[in-house]
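Summary of the model geometry
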Amino acid sequence: MENTASTRMQGIVSMYNLQTPFFAFVTENISHEDTQKRLDTKANHIGWLAGALVEQRFDLARHLGYEGQQQANELFKDFKGIQDGVEYPSIASYQEDWNKITPILKDLLGNVTDEELERRIDMGPEFSLSLYELVTFSIYREANIIGQLALWRRLLGYPGMRYM
């Protein structure tokens, strides 16, 4: 069991730890060319999904006081969707940023207090979430994106994602 400032964060930090190595596993051995393929669909490709996943960790860390950003921030800031005709960065670049933000965000999540978790975050016109709601949504969305990446692996002819 994780030692956290708020007991509400124990399960979330455990999920965070579980999902952390999955980024490398789900993107393992995928060629750069394949990360840009949409297979004649409007689906988000691996290059966008991987970058959005990294951006989400940076964004959550910024809500907790961190000031850094990923190398590809311009492609993802302000929740920017996939852009046609844009070459997205390499998986190696994303992995570098993932490795950078992961211990920073884990520390921030482990130290957030119950009082801080109740802070409201303005998400747009007449819509806000508590920090706790944002954190729980983020950990859910990580799992969702990892699942999408795992599906892309199979659609592109790669072996299924390994878990160890």
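Refer to the structure presented above.
Residues numbered from 1 in each chain as written. Predicted model: local features only at pLDDT ≥ 70, side-chain atom pairs only at ≥ 80, totals over all residues. Heavy atoms only, no water.

For the rest of this paragraph, the subject is the packing of helix H1 (residues 10-19) against helix H6 (residues 91-111). Two elements in contact, H1 and H6, have axes separated by 10 Å at closest approach and are oriented at 165 degrees. By the criterion of interaxial angle, the relationship of H1 to H6 is roughly antiparallel. Viewed along their axes, H1 and H6 form a crossing whose handedness is left-handed. Note on element contacts: H6 touches H1 through Trp 98, Ile 101, Thr 102, Leu 105, Lys 106, Leu 109 and Gly 110, opposite Val 13, Tyr 16, Asn 17 and Gln 19. Of the residues belonging to the contact of H1 with H6, the class tally is six nonpolar, four polar and one charged. (Axes fitted to C-alpha atoms, helices over the stretch in contact; angles between N-to-C directions. Helix = DSSP H or I, 4+ residues; strand = E, 2+ residues; numbered from the N terminus. Parallel < 35°, antiparallel > 145°, perpendicular 65-115°, else oblique. Left-handed = near helix turned anticlockwise from the far one by under 90°. Contact = heavy atoms within 4.5 Å. Nonpolar A, V, L, I, M, F, W, Y, C, P; charged D, E, K, R; others polar.)

What follows is about the pairing of strand E1 (residues 120-124). Across four bridges, E1 lies against strand E2 (residues 127-130) in antiparallel orientation. Bridging across to E2, Ile 121 finds its partner in Leu 129. Count of turn residues in the E1/E2 antiparallel hairpin: two residues, of which Glu 126 carries a positive phi of about 55 degrees. (Pairing = 2+ DSSP bridges.)

Further remarks concern the environment of Leu 129. Position of Leu 129 among the secondary structure elements: in strand E2. Once the C-alpha coordinates of Leu 129 and Arg 119 are considered, the two residues, 10 residues apart in sequence, prove to be 8.3 Å apart.

Summarising the element assignment, Gln 19 is placed in helix H1. Of the polar contacts made by the side chain of Gln 19, one reaches the side chain of Glu 142; its length is 2.9 Å. Apart from the residues lying within four places of it in its own chain, the contact partners of Gln 19 are Arg 57, Trp 98, Ile 139, Glu 142, Ala 143 and Ile 146. (Polar contact = N/O pair within 3.5 Å; in protein donor to acceptor, adjacent residues only side chain to side chain.)

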